[in-house]
Amino acid sequence: MRNIVLGIVEHHGKILVYQSTSPDTGVSFCRPLGGGIEHGEYADQALKREFLEELGTEIEVLENLGVIEEVFLWNGELAHQVFFLYRIRLLDPQFYSDNHFPVLDDSITALWKPLKDFHRGERLVPTGLLERISACGEAEPVLSPDQS
């Protein structure tokens with residue numbers, strides 16, 4: 001079992017994700033950024049570390065959106081992950097004006113994807129995340145006057 005923390009960033013009806021494809025089904029999906037929680041590390045602290053590693057930016061943790069547990073097939077093997085979900089705000093306003101940008105510690109690209117695309121059937125993982133986000137409503141980032 002692997003504990004994962006994900007940062008949910010929303011801006012103007014879009015969510016920050018990366019896109020990938022399941023090696024088992026060939027189905028494409030999107031997932032918010034985040035990563036593994038290390039032994040002895042709290043989930044919110046792991047999330048701050050992950051965003052520094054992945055985007056080189058600090059974040060503000062706004063709200064705990066709960067936990068989703070999922071078991072799925074990955075590379076022909078059963079994977080079991082527990083996702084800790086947090087609504088966050090990126091502290092560097094540049095990320096809100098760019099459409100996509102490289103993830104520094106991986107060969108993926110982060111991008112802003114309209115939430116309506118997921119309501120229309122595009123896959124957002126983990127399963128149940130879209131419903132969790134929709135139930136909480138959108139939280140626009142609070143930007144200082146020099147950031148707007």
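The rules behind these values
- Residues numbered from 1 in each chain as written.
- Predicted model: local features only at pLDDT ≥ 70, side-chain atom pairs only at ≥ 80, totals over all residues.
- Heavy atoms only, no water.
- Helix = DSSP H or I, 4+ residues; strand = E, 2+ residues; numbered from the N terminus.
- Rg over C-alpha atoms; globule rule 2.2 N^0.38 Å.
- Buried < 20%, exposed > 50% of the residue type's maximum accessible area, 1.4 Å probe, protein only.
- Contact = heavy atoms within 4.5 Å.
- Areas by Shrake-Rupley, 256 points an atom, 1.4 Å probe, with all protein chains shown as cover.
- Lys, Arg positive; Asp, Glu negative; His and termini not counted.
- Charge placed at Lys NZ, Arg CZ, Asp CG, Glu CD.
- Core = buried A, V, L, I, M, F, W, Y, C linked by side-chain atoms within 4.5 Å.
- Polar contact = N/O pair within 3.5 Å; in protein donor to acceptor, adjacent residues only side chain to side chain.
- Pairing = 2+ DSSP bridges.
- Axes fitted to C-alpha atoms, helices over the stretch in contact; angles between N-to-C directions.
- Salt bridge = Lys/Arg side-chain N within 4 Å of Asp/Glu carboxyl O.

## Concerning the overall build of the chain
Across its full length, the chain holds 4 helices and 9 strands. Taking 15 Å as the expected radius of gyration for a compact globule of 148 residues, we find that the chain reaches 15 Å, a close match to that expectation. Projected onto its principal axes, the C-alpha positions of the chain cover 50 × 40 × 30 Å. The buried share of the chain, taken over its 148 residues, is 42%. If you take every contact in the chain between residues at least 6 apart in sequence, the share linking residues at least 24 apart comes to 66%. Carbon and sulfur atoms form 49% of the exposed surface of the chain, whose accessible area is close to 8000 Å². Here the chain holds 12 positive side-chain charges and 24 negative ones, and the gap between their average locations is 5 Å.

## Here we look at the nonpolar core
Among the nonpolar cores identified, the biggest contains 22 residues, and L16, L33, F51, L55, I88 and L90 are the most heavily contacted of them. Those elements giving two or more residues to this core turn out to be strand 3 (14-21), helix 1 (43-55), strand 7 (77-90), helix 2 (94-97) and strand 9 (109-114). It is helix 1 that contributes the most residues to this core, 5 residues altogether. Apart from the residues within four sequence positions on either side, F51 is in contact with G7, L33, G56, T57, I59, I88 and L90. Of all hydrophobic cores here, the second largest spans 17 residues; its members include L6, I15, L85 and L130.

## Comments concerning the side chain of R89
With respect to the helices and strands, R89 occurs in strand 7. Within the local environment of R89, its side chain forms a polar contact with the side chain of E60, the two groups lying 2.7 Å apart.

## Re the environment of V17
Position of V17 among the secondary structure elements: in strand 3. Residues V17 and C30, 13 residues apart in the sequence, show an inter-C-alpha distance of 5.9 Å. Residues within four places of V17 in sequence aside, it is in contact with C30, R31, P32, T109, A110, L111, K113 and L124.

## Comments concerning the sheet that holds strand 6 (residues 59-74)
Spatially, 4 strands are ordered 5-1-7-6 in an open sheet, and the strand pairing comes out mixed. Where the open sheet ends on each side, the last strands, each with one partner, are strand 5 (34-36) and strand 6. Each neighbouring strand pair of the sheet contributes to a mean axis angle of 20°, computed without reference to strand direction. Both strand 1 (residues 2-8) and strand 7 contribute to a ladder of 7 bridges, which runs parallel. Looking across to strand 7, one finds that N3 is bridged to V82. Each of strand 1, strand 6 and strand 7 is contacted by helix 4 (residues 129-136), which is oriented at about 155° to strand 6, the strand it contacts most.

## Observations regarding the pattern of salt bridges
Oppositely charged side chains can form a pair if their charged atoms are brought close together. In the structure shown here, the tally under the stated rule is 9 salt bridges. Residue E10 is joined to R87 by a salt bridge in which the shortest nitrogen-to-oxygen separation is 2.1 Å. Separated by 77 residues along the polypeptide, E10 in strand 2 (residues 10-11) and R87 in strand 7 bring together distant segments of the chain. In this structure E10 comes out as buried when scored by relative accessible area, which is 3%.

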